[in-house]
Amino acid sequence: MSRLVQTSENMQALGVCLSHALRSRDVVLLTGEMGNGKSELARGIARGLGIKGSVPSPSFTILNQYEEGRMPLYHFDWYRIDSPEELYESGLDEYIGHDGLTLIEWHEKAPELIPIDCLEIQITQLPSEARSVTLHSHGEFRKINLDELCPDQE
């Protein structure tokens, strides 16, 4: 089941709502083309966790880490990595699935680092400028129903 999202503000609101179903040690993959709203959804999730400050995309830093919410948030962007070895050599692989919530943009760059049990959020740009957001639970990751969790979000 997919949810249509019209604006950046709606994407952030969906992230806030979704944050209530996420738990420590969850790994969430944000999938979609450049500019589809992955970082906007991540900002909403951060806000929903109680993170107050700036939540920029970690495109240049690879990892932005936040400690002030109801649980730690590790927001990865692997767009600029050349190989998974970069993550291993820097020790960043140790944050994945650790205490706190892990969000990963461009996870396709290092699939061997992704746990079997994870949630994938597919964001697809539609011709109408709206975006389709679809949740896919992998492995034993629990099912999250957006219609039940966020009935009033559009």
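As the structure is a prediction and not an experimental result, all values here were calculated from the model.

Here is what the cut-offs are and how they apply
Residues numbered from 1 in each chain as written. Predicted model: local features only at pLDDT ≥ 70, side-chain atom pairs only at ≥ 80, totals over all residues. Heavy atoms only, no water. Helix = DSSP H or I, 4+ residues; strand = E, 2+ residues; numbered from the N terminus. Buried < 20%, exposed > 50% of the residue type's maximum accessible area, 1.4 Å probe, protein only. Contact = heavy atoms within 4.5 Å. Lys, Arg positive; Asp, Glu negative; His and termini not counted. Charge placed at Lys NZ, Arg CZ, Asp CG, Glu CD. Phe/Tyr/Trp six-rings, centres within 6.5 Å; stacked < 30°, edge-to-face > 60°. Lys NZ or Arg CZ within 6 Å of the ring centre and 35° of its normal.

Each helix and strand in the protein was counted, giving 4 helices and 7 strands. Starting at the N terminus, the α and β elements of the protein follow one another as β-α-β-α-β-β-α-β-β-β-α. Structurally, the protein occupies a C-alpha span of about 45 × 35 × 35 Å along its principal axes. Per-residue burial for the protein yields a buried fraction of 50% across its 154 residues. Residue pairs in contact within the protein that sit at least 24 positions apart in sequence constitute 63% of those at least 6 positions apart. Distance from the positive charge centre (13 side chains) to the negative charge centre (25 side chains) of the protein: 6 Å.

Here Gln-122 lies in strand E6 (residues 118-125). When the C-alpha atoms of Gln-122 and Leu-146 are compared, they prove to be 13 Å apart, with 24 residues separating the residues in sequence. The residues touching Gln-122, leaving out its near neighbours within four places in the chain, are Thr-31, Gly-32, Ser-132, Val-133, Thr-134 and His-136.

Considering all chains together, one arrives at 3 aromatic pairs under this definition. On the numbers, 5.1 Å between centres and 50 degrees between planes, the contact of Tyr-74 with Tyr-95 is tilted. A residue pair is termed long-range when its members are at least 10 positions apart, and Tyr-74 in strand E4 (residues 73-77) and Tyr-95 in the loop between helix H3 (84-90) and strand E5 (101-105) qualify at 21 residues. A residue is classified by how much of its surface remains accessible, and Tyr-74, at 4% relative accessible area, is buried. We classify Tyr-95 as partly exposed; its relative accessible area is 27%. With a centroid separation of 5.0 Å and 55 degrees between ring planes, the pair formed by Tyr-79 and Trp-106 is classed as tilted. A residue pair is termed long-range when its members are at least 10 positions apart, and Tyr-79 in the loop between E4 and H3 and Trp-106 in the loop between E5 and E6 qualify at 27 residues. Residue classification places Tyr-79 among the partly exposed positions, given a relative accessible area of 34%. By relative accessible area, which is 15% here, Trp-106 ends up buried. A cation over an aromatic ring shows up here: Lys-109 above the ring of Tyr-79, its NZ or CZ 5.6 Å from the ring centre.

Turning our eyes to something else, we now look at helix H2 (residues 38-48). For H2, a buried count of 8 out of 11 residues is recorded, marking the element as mostly surrounded by other parts of the structure. Looking only at H2, the buried set comprises Lys-38, Ser-39, Leu-41, Ala-42, Gly-44, Ile-45, Ala-46 and Gly-48. Where H2 is buried, its residues touch helix H1 (8-19), strand E2 (27-31), E4, E5 and E6.

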